[in-house]
Amino acid sequence: MEKPLQKPKILKVETVARSRLFNVESVDLAFSNGEQRVYERMRPSEREAVMIVPVIGDDLLLIREYAVGIEDYELGFPKGLIDPGEGVLDAANRELMEEVGYGAQRFDHLTKLTMAPSYFSSKMNIVIARDLFPKKLEGDEPEPLVQVRWPLARMMELLQQPDFREARNVSALFLAQQFFQQSL
């Protein structure tokens with residue numbers, strides 16, 4: 001039987017950098033074997049995010065959006081932060097309306113993923129949206145998002161697209177494929 005791991009003791013946490021969007025913290029840790037290390041992380045946030053895999057007819061509905069981190073456009077699924085007091089599915093519906101101009105009558109919450117947990121405490125909820133209907137809400141995007149319909153029957157071919165590389169999108173694609181295989 002494997003010995004249970006003992007979490008390191010946090011000796012000190014201090015903010016080392018701050019911007020309009022981010023707070024970087026230095027975290028001094030003492031491990032159970034006596035080792036001590038200093039790690040850096042983004043300050044933990046209670047806000048989660050949602051990524052929606054919309055299905056319209058026999059197609060997936062994706063967006064092409066500018067990603068400043070890679071200084072290029074990325075093909076992926078609509079996503080956004082969950083507002084305080086908002087549920088996951090309500091946030092999914094709102095983001096869908098803001099980013100692609102559709103609402104959904106049916107949602108399936110697949111899972112909650114962590115993103116780079118060595119540095120962030122962020123969590124992304126992956127949701128399938130079906131039975132879409134036209135409904136547009138004003139979003140916060142700086143430019144209109146290009147919509148791309150992709151045949152559901154060829155969904156895994158997205159992996160060959162040079163602009164479909166973001167890890168959360170790839171994870172959502174595999175989770176959606178598994179969901180659709182089990183529900184047929």
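All residue numbers here refer to positions counted from 1 along the written sequence of the relevant chain. Where local features are concerned, this predicted model is filtered to residues with pLDDT of at least 70; where side-chain atom pairs are given and counted, the filter is 80 or more; whole-chain, interface and lining totals use all residues. Working from all heavy atoms in the structure, the side-chain values ignore hydrogens and water.

- The chain is annotated in an unreviewed UniProt entry as ADP compounds hydrolase NudE from Chimaeribacter californicus.
- UniProt positions are given in the numbering used here, feature names are shortened, and annotations may be inferred rather than shown by experiment. The record held by UniProt for the chain lists under Cofactor (unreviewed entry) the comment "Mg(2+)".
- Under the UniProt heading Subunit (unreviewed entry), the entry covering the chain gives this text: "Homodimer."

### Quick notes on helix α1 (residues 88-100)
Reasoning step 1: Put simply, DSSP H or I for four residues or longer makes a helix, DSSP E for two residues or longer makes a strand, and each gets a number counted from the N terminus. Take the residue count of a helix, subtract one, and multiply by 1.5 Å to get its expected span. Over its 13 residues, α1 extends 18 Å from the first C-alpha to the last, a length consistent with the 18 Å expected when each residue adds 1.5 Å.
Reasoning step 2: Counting buried residues in α1 gives 10 out of 13 residues, a clear majority hidden from the surface.
Reasoning step 3: With a 1.4 Å probe rolled over the protein chains alone, any residue whose accessible area is under 20% of its type maximum counts as buried; one over 50% counts as exposed, and the rest are partly exposed. Looking only at α1, the buried set comprises A91, A92, N93, R94, E95, L96, M97, E98, E99 and V100.

### Observations concerning the nonpolar core
For soluble globular proteins, the rule of thumb is that nonpolar side chains tend to be buried together.
Reasoning step 1: In this structure, V53, L60, L62, F77 and L158 are the most contacted members of the largest nonpolar core, which totals 22 residues.
Reasoning step 2: Those elements that place two or more of their residues in this core are β4 (49-56), β5 (59-67), β9 (123-134), β10 (146-151) and α2 (167-183).
Reasoning step 3: By residue number, the principal contributor to this core is α2, which donates five residues.
Reasoning step 4: Residues enter a nonpolar core if they are buried and are Ala, Val, Leu, Ile, Met, Phe, Trp, Tyr or Cys, with the set joined through side-chain atoms within 4.5 Å. Among the nonpolar cores identified, the runner-up in size contains 17 residues, and L61, A92, Y102 and L145 belong to it.

### What to know about the UniProt feature "domain: Nudix hydrolase" (unreviewed entry) in the chain
Reasoning step 1: Per the UniProt record, the feature "domain: Nudix hydrolase" (unreviewed entry) sits at residues 45-172.
Reasoning step 2: In this annotation, residues 45-172 is assigned 15% helix and 44% strand; the end-to-end C-alpha distance for the span is 22 Å.

### What about the packing of aromatic side chains?
Reasoning step 1: What counts as a ring pair is set by centres within 6.5 Å for rings of Phe, Tyr and Trp (its six-membered ring), and what kind of pair is set by the plane angle: stacked under 30 degrees, edge-to-face over 60, tilted for all other angles. Following the criterion strictly, the structure yields four aromatic pairs and no others.
Reasoning step 2: Between F31 and Y39, the aromatic rings sit 6.4 Å apart at their centres with planes inclined by 50 degrees, giving tilted as the arrangement.
Reasoning step 3: Centroid distance F77 to F164: 6.1 Å. Interplanar angle 90 degrees. Geometry classified as edge-to-face. Within this pair, whereas F77 is found in the loop between β6 (72-76) and β7 (79-81), its partner F164 is found in the loop between β10 and α2, the two being separated by 87 residues in sequence.
Reasoning step 4: Using a relative accessible area of 0% as the deciding quantity, one classes F77 as buried.
Reasoning step 5: Whether a charge sits over a ring comes down to the Lys NZ or Arg CZ being within 6 Å of the ring centre and within 35 degrees of the ring normal. When the ring centre of W150 is taken as reference, the NZ or CZ atom of R154 above it lies at 5.4 Å.

### A look at unusual backbone geometry
The bulk of non-glycine residues show a negative phi, and the bulk of peptide bonds are trans.
Reasoning step 1: Despite not being glycine, E71 shows a phi value in the positive range, around 55 degrees.
Reasoning step 2: Relative to the helices and strands, E71 resides in the loop between β5 and β6.
Reasoning step 3: Here D131, not a glycine, exhibits a phi torsion of approximately 55 degrees, which is positive.
Reasoning step 4: Here D131 shows up in strand β9.

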